[in-house]
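# Descriptive structure summary
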Amino acid sequence: MAKKISNTTSTLQLNFEQDKPKRKMDGAVLYRIQLIIAAFLFLIGTLLLVSFGSSFFVGVSDQSEVERGVVDTIKGSDIPIKNFAGLLGAKIAHFFLFKTFGWSTLLLIPLFYLSALKVGFKKEIYSLERLSWQVLFYILWFSLLAGFFVFSLDLPHSIGGGVGYFVNEKLYQLLGYLSIFVIGFGGFIFLVLFYQLNPKKAVVAAPLTTEEEEEEEESLFIDEDGPSVHVDNDDLQEFRPIVPPVVEEVVSEIEAPVEVPEELVPEPIVAEEKKEDDLDFTYKVADVADEVIEEEPAPVSREIKANDLVEQFGLYDPTADLPKYQFPTIDLLKEYDQKNQTSQVTMDELKANKEKIVETLLNYGIGIQKIEATIGPTVTLYEIVPKAGVRVSKITSLEDDLSLSLAAMGVRIIGQMPGKDTIGIEVANKNREMVPVRAVIGSEKFQKSTFDLPITLGKTISNEIFVADLAKMPHLLMAGATGQGKSVGLNMLLTSLIYKKHPATLKFVLVDPKKVELSLFNKLERHFLACLPDSAEAIITDTKKVVNTLNSLCKEMDLRYDKLKDAGCRNIKEYNQKFINRRLNPNEHDFMPYIVLVIDELADLMLTAGKEVEHPIARLAQLARAIGIHLVVATQRPSVNVITGTIKANFPARLSFKVMSKIDSRTILDAGGADQLVGMGDMLLSMGSEVIRLQCAFVDTPEVEDICDFIGNQQGYTSAYLLPEPDSEEMGGQDRGDFDPSDRDSFFDEAARLVVMHQQGSTSLIQRKLKLGYNRAGRLIDQLEAAGIVGSFGGSKAREVLVKSETELEEILKNL
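Residues numbered from 1 in each chain as written. Predicted model: local features only at pLDDT ≥ 70, side-chain atom pairs only at ≥ 80, totals over all residues. Heavy atoms only, no water.

### Quick look at the overall build of the protein
Our working rule: Elements are defined by DSSP. Helices are runs of H or I of four residues or more, strands are runs of E of two residues or more, and each kind is numbered from the N terminus. In this scheme, a residue with accessible area under 20% of its type's maximum is buried, one over 50% is exposed, and one in between is partly exposed, where area comes from a 1.4 Å probe on protein chains only. In this analysis, two residues are considered to be in contact whenever any of their non-hydrogen atoms come within 4.5 Å of each other. Per-residue and other accessible areas were derived by the Shrake-Rupley procedure at a 1.4 Å probe size, with only the shown protein chains allowed to occlude residues.
Helix and strand content of the protein: 30 helices and 15 strands. Residues counted as buried form 42% of the 816 residues belonging to the protein. Within the protein, contacts between residues at least 6 apart in sequence are counted, and of these 70% link residues at least 24 apart. When the accessible surface of the protein is totalled, it reaches about 45,800 Å², and 56% of it is carbon and sulfur.

Here you go:
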């Protein structure tokens, strides 16, 4: 069976031997320490082997000496020690065999030997972690089992040791001889849980030899008419990947001559005499053997070097630059007394709402077959099953009538519940429940989440902790009126990421035009923040610098895509894994952290910069997902001139707090409902076709300060994570010197046509029509003047347009 190894591109021809000198020196020291530890473990295993082995033959002779006290031992004795390991070996054997666990402590010997092999030579015959747990259990369990027979049959005391005898003595007083069942049941529990016994597996196949694996592999590649292979879903859970053979075996297999089965060798063609009525037909038989060996074997030296580096230095650890970094603890978050909250919905309230809902619907001729209630922290969901023949649209049109009848805020009719035959009606609770941040951050669901960028925002209407992956969203658009919880939601998102990610794996680019909302995170500059090299502060508050930062992120995106192309990877996850396995040249590649761009107020940026902000945001939203750059954009004014179609189309995940009108709700969510929320963290999250109602967790300002202080007081990097300098043509509003036609602004042609069409050389005209910032519009006017399209500055009057026709303009643009 022929195996092919595809040739890798020349960009992966790495020179791992020229690694950084500092890392090589540290790796050599670490390797020597590992050898010393391995030798020490080997000596301990040998000491136990000699001590235990000698004790089986001469242990009785040394009994009087090992039971002497420390003072008597120091004074010495005339009686010679017969244990081959001396007095120390005799005392070790006496302690383990007689005083503690008996013969079962022999299992420690292979554990020490295998540990030495793993630490010193990176070779693992059997999983050391699994072996350690098995040895610890079996030492105790065999001691108890042997102790039962020692106690019952008066066997030698050393078989079960002192622990086994003592425990069985107490068990016998309690249960008599039935104690053997207790010991056996403990062993049975360990077998079931540790080895994950599956009752559906009747036969456990033995490991295949190399020849049997080849035969098994050939048997799977069968014709379409042959038998098929069926794998049960339960079997898939216990599937273990086959460890590939070593590189030398792969090379020998590729270079070995290929044996072609007899049925594939073409038979010699015997030319027959051509008859008159024969057709002029010729054919050619392909040389099967030539086709099989036609592929050149790929060089494996790079893989061998990578494996050697991993064996010598271990896998690359991106967190090694901050080895003492401590994740923030749950104690930094305030613990609220949930018992004192009067948030529980009473049965009287449920019954009253149910009766009002049924009565209101009956007034409009709508009968109800069944109604159920699900109590949440903010609202209660009533699911109704209408009688046959009732249209759903007839119920959804009664939203205002139900709100009036229930005398409650936030009544929202969902329509058909996803995957159910019920219609949902959400009614706000009279007494709301606050969701503290400690309850969601400390939840098992969040702590055990394995998402790349896990975020938790709060609880659903069914009181479940909501955890999502920002990397899968992959960008989030937030909106909400003033005072409805938008800033708390941003703090909650940032806090959840900080609690789960190491500074080496995540960076934030924070844009805060209001200058006060995200200032709390300024203390994380040397840990989590990223900025331009010349920035005085890591958090961007000047709207003039936002455009440069966005363009810098676009350049960072392009640079990352170039690295992914050179590495032959499709996304950041594959690239980082390849780098961790030391399969990329550290002189040309580096570990890529995730970058999360957070913009607190998009409306202010769109007002001052317009398309200069819209274009890079749209480009990042379209392309940046694969290379680990994700956007979280918030605004309190979700109008169409702020959340434009270009931006909205690239943000599949949208989150809305309470807004003022149905139009705003449709702008952000493409659906109504956000105007019916009750505020104070009540929100709707739209991901695709699904809309989820959540109660945002409350994280207070002192809690955020404590978290930032905890991290900021630790050792950090020398500076913030530096983004690349943006290209000069993208830096709007900066002096470029004399006009260079080859370096003109990307809006130059459009601005020229605009002023010629209106015959008005005005900066405000360009700024208003092209939606650009004032600085960039002024620079465009200067370039138009240098190109001879408009005249010089004339005070308060608009510049004279020197080109009078569009035909003349097009000729000038063509020459430029």
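### Description of the environment of Gln714
Structurally, Gln714 can be placed in the loop between α26 (701-712) and β15 (721-722). Sequence separation between Gln714 and Gln326 is 388 residues; the distance between their C-alpha atoms is 8.0 Å. For Gln714, the residues in contact, after removing those within four places along its chain, are Lys324, Tyr325, Gln326, Arg526 and His527.

### Details of the packing of aromatic side chains
Stated formally: Paired rings are identified among Phe, Tyr and Trp, the last through its six-membered ring, by centres lying within 6.5 Å, and are further divided according to the angle between planes into stacked (under 30 degrees), edge-to-face (over 60) and tilted (the rest).
Within the structure shown, the criterion is met by 15 aromatic pairs. For the ring pair Phe52 and Phe96, a centre distance of 6.0 Å and an interplane angle of 75° mean the geometry is edge-to-face. A residue pair is termed long-range when its members are at least 10 positions apart, and Phe52 in helix α1 (residues 21-58) and Phe96 in helix α4 (residues 86-100) qualify at 44 residues. Where Phe137 meets Tyr138, the ring centres are 5.5 Å apart and the plane angle is 65°; that geometry is what we call edge-to-face. Here Tyr138 falls in the buried class, since its relative accessible area comes to 18%.

### Quick look at the pattern of salt bridges
Applied cut-off: Any carboxyl oxygen of Asp or Glu that lies within 4 Å of a side-chain nitrogen of Lys or Arg is treated as forming a salt bridge with it.
In total, this model carries 26 salt bridges according to the counting rule given. Glu517 is the partner of Lys514 in a salt bridge, and the nearest nitrogen-oxygen pair spans 3.9 Å. Looking at Lys514, the relative accessible area reads 33%, which means it is partly exposed. Where Glu810 meets Arg753, a salt bridge forms, and the shortest distance between an N and an O atom there is 2.9 Å. Of this pair, Glu810 sits in helix α30 (residues 806-815) while Arg753 sits in helix α27 (residues 748-758), and the two are 57 residues apart along the sequence. What makes Arg753 partly exposed here is its relative accessible area of 37%. The network of salt bridges with common partners includes Arg412, Glu426, Asp682 and Arg693.

### Notes on the packing of helix α7 (residues 161-175) against helix α8 (residues 179-194)
This is how the line gets drawn: Axis lines are fitted to C-alpha atoms, over the contacting stretch for helices. Their N-to-C directions set the angle, which ranges from 0 to 180 degrees. Any angle that falls under 35 degrees is termed roughly parallel, while one over 145 is termed roughly antiparallel, one within 65 to 115 roughly perpendicular, and all others oblique. For this classification, Asp, Glu, Lys and Arg are treated as charged, while Ala, Val, Leu, Ile, Met, Phe, Trp, Tyr, Cys and Pro are nonpolar and the rest, including Gly, are polar.
The contact between α7 and α8 brings their axes to 9 Å, and the two run at 120°. On the basis of their axis angle, the class for α7 and α8 is oblique. On α8, the residues touching Asn168, Leu171 and Leu175 of α7 are Ser179, Val182 and Ile183. Of the residues contributing to the contact of α7 with α8, the split by class is four nonpolar, two polar and no charged.

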